[in-house]
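Residue-level structural notes
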Amino acid sequence: MYMAYGWPQVIPLESGLCPTSERIIYLKVINRLLLVVAPSHLELWSSYQHRVRLGKYKRDPDSIQREGENLQAVWSHDAKLIAVITSSFYLHIFKVQFTEKRIHVGGKQPCGLFLANITLLLNDQVPFANKDQSLSNIICDSKHILVGLSNGSLYNISWKGEFHGDFPIVFQCNGSNETSKPSHALQNGLDSEVAHQPSTPNHDLPQYSAIVQLEFSLPLRLLIVIYSDGQMLLCSVSKKGFRQAESLKAEKRLGSGDSVCASIAPEQQMLAVGTRKGVVELYDLAESATLIRSVSLHDWGYSVEDTGVVSYIAWTPDNAAFAVGWKLRGLTVWSVSGCRLMSTIRQIGLNSISSPMVKPNQDQKYEPMIGGTSLMQWDEYGYRLYSVEERSCERIISFSFGKCCLNRGISSRTFTRQVIYGEDRLLIVQSEDTDELKFIHLNLPVSYISQNWPVLHVAANSDGMYLAVAGLHGLILYDIRSKRWRVFGDVTQEQNIQCQGLLWMGKIIVVCNLISSSNTYELLFYPRYHLDQSSLLCRKPLLAKPMVMDVYQDYLLVTYRPFDVHIFHVKLSGELTPSSRPNLELSTVRELSIMTAKSHPATMRFIPDQLSREDVSTRCISSSSLLVKEPVRCLILRANGELSLLDLDDGRERELTDSVELFWVTCGQSEEKTNLIEDVSWLDYGHRGMQVWYPSPGIASFKQEDFLQLDPELEFDREVYPLGLLPNAGVVVGVSQRLSFSACTEFPCFEPSPQAQTILHCLLRHLLQRNKSEEALRLAQLSAEKPHFSHCLEWLLFTVFDAEISRQSANKNQVSVSKDTTPSLLVKTCDLIRNFPEYFDVVVSVARKTDGRHWTELLSAAGRSTELFEECFQRRWYRTAASYILVIAKLEGSAVSQYCALRLLQATLDESLYELAGELVRFLLRSGREYEPVTDEEKLSPRFFGYFFPSNNKSPSFESKSSPSFKEQNPHITSVKNILESHASYLMSGKELSKLVAFVKGTQFDLVDYLQRERYGSARLENFALGLELISEKLQMDTLQSRLDAEFLLAQMCSVKFKEWIVVLATLLRRSEVLFDLFRHDMRLWKAYSLTLQSHPAFAGYQDLLQDLEDGLAQKEEDSKDQTI
């Protein structure tokens, strides 16, 4: 799959002679060349490692005045001729011819680029009958070109400049031509009613419908015609091509009547249609052009008013993804399954209230293609997407893409190493710590990639520690542990290898090589320790070009077209070391020729026999004997997404599912004891999301109806595409797009971001469903130290509990049957999780996330709520114990929950957990109001509630009232008050002032009311000097938090005019203004204060404060005398 990375690059173009209508009218990539046609000139660029302009043709002003601007263009398939029709209907045919002038771009090696001449071969006016015609785009085959006219006909011109005239498209009425929708049609962001309206009835098209676009696929010999009224026709083209009108037949009308553009994917036999609604509809051409699904940006908050209609669609070279451009804003790349791989449109947060539509005066970073997209083209390898912005003639924007390993074709890739490969680099997922997955950019050696650009094949060995990389010629190996490259020492040997695919067979790298001199294919076997002809272990000629290949242990699978399967056994004699001379032999063990009308295979993988470790130990089977057993089954993924299982013994094929993009065979791939996916057969990904397949028990394994496909909790976001697995962590690794902005760049940087999603809960549930509780426990124990283990257990219990609720609801109205005595899956799940300390947190988390009406069913399996609370309380897990309070209130009643909450409140206060204590206080107050009677008199005088939630606006009558006795208050509330006051007295007696502040803030305790009543009790300071020394030691005034706590206490003491405390706290804070205000009215207190500070050596640090106070009081006394005189 394709992911954008890096900053978009700009290809500058020359300014033209037609500024009023200047726009790029044609963009095409053929044979590593990029052709750009503007209204007044043509430019030819290299679409190579170095993007250089090779040639241009600029029309003179007289030609433009006489013959009009360039209107439509087309490039021949051999890249030798260019046809242009001008606005005055003149036909220009240009010839592209390369010179011998080499272009030097720097570096030691020549780049192989030559300058090109573009010359005008033919200039003639097209004899259209109507001079007011409007033209569609131009298409061509090897001998003719076609252009659509505004009268609904096609005009035929040969590449020699011969005008064959126009001809109409005759549509034969046929009742079987109605477009039908498949049962599995899905829409991305649209309801089915919106995504696809009923097909229009079959009748002859109106003569006045103008043709606006033509799309032609030579491999499928299929022509798509789109009219100005949104109608679309599928036409077949005979082998004669466009030479004669009768060679073209209108077969079927398609779409919902609002089509504006289309693009054909011949490999997938799929048609993408852009509509006026901003939606892209995908049709299966192999199945009578049925609608598969629709994709759009509607689910991301963008409507057609934001993006405009679809303006262009471009498939990647391998047809695995397609780019969509919109008329008003942006482009996006989608996978066939509907995963959004890349988008230039900036995303908005879920909490944003702003419109996703960009405002012109909005101060923000520049968004690529913000003015809309008019043209797009992928390069021949899919590493670059060239795009042209609407109403732009100055530049082409080039986006860099990397390919995710799809396990397709000849090269085999392991799921344990996640790699995205670009044209000259590898992006490798660093997965040592699954909490922080990240990509590492690995640049290929310049000495290799400069001569063999671009990267074509990448394969990782079974443990993912070695990577084999091949460009146009040769190959190189990378050791991830040592971070070193291994290359061919002889460049001549390297250039003789044209790699068509790579496989790893243990420590051997298998290369599928094209011998260009004879156009034949062979397999080369190299040891990974040495790339040289002298170390070549074996050379195996092949019958033809292989279609797919795979390897498992000592067995090699090679499949030729149409469907001939050959399986070889590889025997290695001798040790595979540099000092020895090993010998490798291949022997054919199986040949199958399968006749089928299905789509050709895109991937085939061996399925080894699956035995668990317990089966191996009980049957006394050694691991080495299992390795040499020949696989007898093979998994096939066809080009159309159909996944099937092939029995190699009898050649029978059984279809499993469809619409699959990739799969990973996981069984028998690893012998590590920490492999968490040992019992999984394979995983696949498609438009349904991720599916996990398990073997069925018994002799007839892989029986289709016994396969278990997991629930949708494995479905990735539609922005995350799966790359592979981490078996030892039990997670699927995916990748999504991320944008980063910089002040020094015009465009944002596209950064692939790895994402991890666990599958452990699914594996555990599968084992429990199969009554393999011991195996499930061992698997969970292996995973106990993994990240997100607690989250996995919670998901496991939640999904099982949710399924149990659904099952009970479904069976509620059914006739009761005899009860099954075996434990339910819910009971087995609770028994499994009970072995781990996370059990108590998991149970209460699931309970709090589900409807309280079903808590009884959950707790009947998990244990009584009060018992779970007591266990947490005894283990001093107070936070978890507090979570059970609401559950106890629901199931056991308010009295029991209040009793538990009071016990927990006392314990949390003893542990100084004041935030948790505050939550318990609020619960107890709320439950007291809900469950205890309240008289009207109490409502008018809510003295106790003011105790916890003090108000600054108390009425005089309320202040004058004495505090009500405990008997007058609710006994439940009295208990809470006693606990809080007792703890406040404990903290005040011990002068634990920081804790006291935290206690007051956490529980909303009314400290002012308490101080008023305890002025001569626990809050009393007996001696100023001892108090100052003790409180200074307790508060540690050198820290900011301690000073803030002292300020808080000082404010409280001032509000009750507690002089002893005010003096101490103001001294510690050096608040001279507070002390001055206090001493100026009480000189006797000042003299005692001054004498105490001067007589204690420990208070020498306060002499500056004392001097300031003395000066201030002396000045105050002099001012008073002056006023008296």
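Below you will find a few notes about this structure.

Focus: unusual backbone geometry
Omega for the peptide link from W453 to P454 comes to 0°, which places this bond in the cis form. As for its placement among the helices and strands, P454 is situated in the loop between α4 (446-452) and β34 (457-460). Here the amide bond leading from R561 into P562 is cis, since omega sits at 0°, within 30 degrees of zero. For P562, the position within the fold is in the loop between β43 (555-560) and β44 (564-573). Residues other than glycine seldom take positive phi values, yet K483 does so here, at roughly 55°. Relative to the elements of secondary structure, K483 occurs in the loop between β36 (476-479) and β37 (484-486). We note that K1057 has phi near 55°; this positive angle belongs to a residue other than glycine. Topologically, K1057 is positioned in the loop between α25 (1040-1056) and α26 (1059-1069).

Here we look at the packing of helix α8 (residues 760-769) against helix α10 (residues 789-811)
Interhelical geometry of α8 versus α10 gives an angle of 50° and a closest axis separation of 8 Å. Taken as axis vectors, α8 and α10 run oblique relative to one another. The chirality of how α8 crosses α10 is right-handed. The segment α8 lies against α10, with L760, H761, L764 and R765 engaging F789, C792, L793, W795, L796, T799 and V800. Classifying every residue of the contact of α8 with α10 by side-chain character gives eight nonpolar, two polar and one charged.

Let's talk about the side chain of D141
By the element assignment, D141 lies in the loop between β11 (135-140) and β12 (144-149). No salt bridge is formed by the buried D141. Its closest oppositely charged neighbour is R221, at 5.5 Å. A distance of 3.1 Å separates a polar side-chain atom of D141 from the backbone nitrogen of F242. With residues near it in sequence (within four places) discarded, D141 still touches H77, W159, F216, G241 and F242.

Digging into the sheet that holds strand β6 (residues 53-58)
One open sheet holds the four strands; their spatial order is β3-β4-β5-β6, and the pairing between them is antiparallel. Strands at the two margins of the open sheet, each flanked by one partner only, are β3 (26-30) and β6. For this sheet, the mean inter-axis angle between neighbouring strands, taken without regard to orientation, is 10°. Where β3 meets strand β4 (residues 33-37), five bridges bridge the pair, whose relative direction is antiparallel.

Description of the pattern of salt bridges
Within the structure shown, the criterion is met by 43 salt bridges. K56 is the partner of E14 in a salt bridge, and the nearest nitrogen-oxygen pair spans 2.3 Å. Linking E14 in the loop between β2 (9-12) and β3 with K56 in strand β6, this pair joins segments that are 42 residues apart in sequence. Overall, E14 belongs to the buried group, its relative accessible area being 18%.

Focus: the nonpolar core
Counting 157 residues, the largest nonpolar core has F999 and Y1089 as its most contacted members. Grouped together as the second largest cluster of nonpolar side chains are 57 residues, I30, F128, W159 and Y421 included.

Topic: the packing of aromatic side chains
On inspection of all chains with the given rule, the structure shows 30 aromatic pairs. Seen in terms of ring centroids, W1086 and Y1089 are 6.3 Å apart; in terms of plane orientation they differ by 35°. Their pairing is tilted. Note that W1086 and Y1089 are positioned in helix α28 (residues 1083-1095) at a spacing of three residues, about one turn of the helix. As far as burial versus exposure is concerned, W1086 and Y1089 are alike and both buried.

How each quantity is defined
Residues numbered from 1 in each chain as written. Predicted model: local features only at pLDDT ≥ 70, side-chain atom pairs only at ≥ 80, totals over all residues. Heavy atoms only, no water. Helix = DSSP H or I, 4+ residues; strand = E, 2+ residues; numbered from the N terminus. Axes fitted to C-alpha atoms, helices over the stretch in contact; angles between N-to-C directions. Parallel < 35°, antiparallel > 145°, perpendicular 65-115°, else oblique. Left-handed = near helix turned anticlockwise from the far one by under 90°. Contact = heavy atoms within 4.5 Å. Nonpolar A, V, L, I, M, F, W, Y, C, P; charged D, E, K, R; others polar. Buried < 20%, exposed > 50% of the residue type's maximum accessible area, 1.4 Å probe, protein only. Lys, Arg positive; Asp, Glu negative; His and termini not counted. Salt bridge = Lys/Arg side-chain N within 4 Å of Asp/Glu carboxyl O. Polar contact = N/O pair within 3.5 Å; in protein donor to acceptor, adjacent residues only side chain to side chain. Pairing = 2+ DSSP bridges. Core = buried A, V, L, I, M, F, W, Y, C linked by side-chain atoms within 4.5 Å. Phe/Tyr/Trp six-rings, centres within 6.5 Å; stacked < 30°, edge-to-face > 60°.

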